[in-house]
Amino acid sequence: MERYIVRNIDRPDQTIIEQFSKLDVSTVYEAQGKIGLVSHELQTVKPGNKICGPAVTVTCFAGDNLMIHAAIEICKPGDVLVITTIGESRTGMIGELIVNALMKRGVQGVVTEAGIRDVAKIRECGFPVWSKAIHSQGSTKSRGGWVNAPAVCGGASVNPGDLVMADDDGIVFVKKEDLKLALESSNQRMAKEENTKARIERGELSLDFYNLRGILEKENVVYYESEEARTARKSC
């Protein structure tokens, strides 16, 4: 099987990236039909971080970070490095030195289904990382893989140049060809949520404006004025 590195990829227009950056992961995930969500196993290293940018994909063999080093050269400012592994890996494949190199290239952050280490230093510098594990075990640098090839990260497919969004809620991928539709749907959802907030502020109940009372009835959920009333009926 050929192993390769693609130096240049098509990236989304910066204007559309800026518009997505005003949104959050949950909104975009819901708006694009509940697809593109990465496994909850990948967690942020530092709460409060948020990234939005094009994916540079890296596929490594488990426990070997050679291709991560190769990817550093390919990255451009604003990119997000998305790392997948062939075989399960919790090895600390990224640490302080690689993070420093990525920051020098202007990379926004990293999403990896492997492990990381030097976490205190990474938190100190504020570099956004989402990973599956924290583990001191070191990596080898001897196995070729792929940079900017189609990949699957955390159960979600991602192609080079797809949009990566990550925040405290998780990570979502948006396909390049779906960006305009996903943005339009996300903005519509945000407008709808603003309307819902206004209804809550007016004192309206979600049971009513979501028409949920009928579902409660269908599910045989019974109201009682008190526990005593429930107990009395039960004893009859």
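Okay, so let's go over this structure. Computed from a predicted structure; not experimentally measured.

The helix and strand inventory of the protein stands at nine helices and 11 strands. Radius of gyration (C-alpha) of the protein: 22 Å, far over the 18 Å computed for a compact globule of 236 residues. With respect to the principal axes defined by its C-alpha atoms, the protein has extents near 75 × 40 × 40 Å. By the burial criterion, 44% of the 236 residues in the protein qualify as buried. Distance from the positive charge centre (30 side chains) to the negative charge centre (32 side chains) of the protein: 4 Å.

As a further point, take unusual backbone geometry. The residue D118 is not glycine, and still its phi comes out positive at about 60 degrees. Within the element layout of this structure, D118 appears in the loop between strand 5 (109-116) and helix 5 (119-125). In this model, N211 sits at a positive phi of 55 degrees, which is unusual for a non-glycine residue. Its location among the elements puts N211 in the loop between helix 7 (206-209) and helix 8 (213-218).

Further remarks concern the side chain of T196. Within the fold, T196 resides in helix 6 (residues 179-201). With sequence-adjacent residues up to four places away left out, T196 is seen in contact with F209 and Y210.

Taken as a whole, this structure holds 12 salt bridges when the rule is applied. For R189, the salt bridge goes to E193, with nearest N and O atoms at 3.6 Å. With R189 and E193 both in helix 6 and four residues apart, this pair spans about one turn of that helix. Accessibility expressed as a relative area gives 31% for E193, which makes it partly exposed. Salt bridges sharing partners connect three or more residues here, namely E88, R90 and K132.

Right, let's get into helix 3 (residues 66-74). Within the sequence span of helix 3, burial applies to M67, I68, A71, I72 and I74. On an axial view of helix 3, the arc spanned by its buried residues comes to 160 degrees, and they lie on one face. Residues of helix 3 that are buried make contact with strand 2 (51-61), strand 3 (80-86), strand 4 (92-94), helix 4 (96-104) and strand 7 (146-147).

Turning our attention to the nonpolar core. A general feature of soluble globular proteins is that nonpolar side chains tend to end up buried together. Within the largest apolar cluster, 27 residues are counted, with the highest numbers of intra-cluster contacts made by V58, I68, L81, I83, I94, L102 and V110. Tallying contributions element by element places helix 3 first for this core, with five residues. V38, V80, V82 and V111 belong to the second-largest nonpolar core, a separate cluster that totals 16 residues.

In this structure the tally under the stated criterion is two aromatic pairs. Measuring from ring centre to ring centre gives 6.3 Å for F61 and W146, while their planes differ by 35 degrees; the resulting arrangement is tilted. Taken together, the positions of F61 in strand 2 and W146 in strand 7 put the pair 85 residues apart, joining distant regions of the chain. A residue is classified by how much of its surface remains accessible, and W146, at 10% relative accessible area, is buried. Arranged with centres 4.8 Å apart and planes meeting at 70 degrees, the rings of F209 and Y210 form a pair that is edge-to-face.

So, on to the side chain of T84. Here T84 shows up in strand 3. A distance of 3.2 Å separates a polar atom in the side chain of T84 from a polar atom in the side chain of T59. Excluding residues within four positions of it along the chain, T84 makes contact with V58, T59, C60, E113, A151, V152 and C153.

Running from N to C, helix 3 and helix 4 point in directions that differ by 15 degrees, and their axes come no closer than 9 Å. Comparing the axis directions of helix 3 and helix 4 gives the class roughly parallel. In this structure, helix 3 crosses over helix 4, and the sense of that crossing is left-handed. Between helix 3 and helix 4, the residues in contact are I68, H69 and I72 and I98, A101 and L102, respectively.

Moving on to the pairing of strand 11 (residues 170-174). Buried residues dominate strand 11, accounting for five of its five residues. As defined by bridge partners, strand 10 (residues 163-167) adjoins strand 11 across five bridges and the pair is classed as antiparallel. Of the residues in strand 11, the one forming a bridge with V164 is F173. Joining the antiparallel neighbours strand 10 and strand 11 is a turn of two residues.

Criteria and thresholds
- All residue numbers refer to positions counted from 1 along the written sequence of the respective chain.
- In keeping with the model being predicted, local features are shown solely for residues with a pLDDT of at least 70 and side-chain atom pairs are shown and tallied solely at 80 or more, while totals for entire chains, interfaces and linings include all residues.
- Only hydrogens and water are removed before side-chain values are computed, so all heavy atoms of the structure are retained for them.
- Strands here are runs of E lasting at least two residues and helices are runs of H or I lasting at least four, both read from the DSSP assignment and numbered beginning at the N terminus.
- All radius of gyration figures rest on C-alpha atoms, and the globule criterion is 2.2 Å times the number of residues raised to 0.38.
- Summary of the burial criterion: residues with accessible area below 20% of their type's maximum are buried, those above 50% are exposed, and those between are partly exposed, where the area comes from a 1.4 Å probe applied to protein chains only.
- Neither His nor the chain ends contribute to the count of charged residues, in which Lys and Arg are positive and Asp and Glu negative.
- By convention, the point assigned to a charge is CZ for Arg, NZ for Lys, CD for Glu and CG for Asp.
- It only takes one pair of heavy atoms within 4.5 Å for two residues to be counted as in contact.
- Think of a salt bridge as a Lys or Arg side-chain nitrogen and an Asp or Glu carboxyl oxygen that are within 4 Å of each other.
- The arc in question is the one traced by the directions running from the helix axis out to the C-beta atoms.
- For our purposes a nonpolar core is just a set of buried Ala, Val, Leu, Ile, Met, Phe, Trp, Tyr and Cys residues, chained together by side-chain atoms within 4.5 Å.
- In summary, the pairing rule links any two rings of Phe, Tyr or Trp, Trp by its six-membered ring, whose centres are within 6.5 Å, and it sorts them by plane angle into stacked for under 30 degrees, edge-to-face for over 60 and tilted for everything else.
- For the purposes of these results, a polar contact is taken to be a pair of N or O atoms within 3.5 Å, where, inside protein, one atom must be able to donate a hydrogen and its partner to accept one; residues adjacent in sequence count only when each atom of the pair is a side-chain atom.
- Lines fitted to C-alpha atoms define the axes here, with helix axes fitted over just the stretch in contact, and angles between the N-to-C directions of these axes take values from 0 to 180 degrees.
- Put simply, angles under 35 degrees are roughly parallel, angles over 145 are roughly antiparallel, angles from 65 to 115 are roughly perpendicular, and the rest are oblique.
- Each crossing gets its hand from how the near helix is turned against the far one by less than a right angle, where anticlockwise is left-handed and clockwise is right-handed.
- Strands are treated as partners if at least two bridges between them are detected by DSSP.

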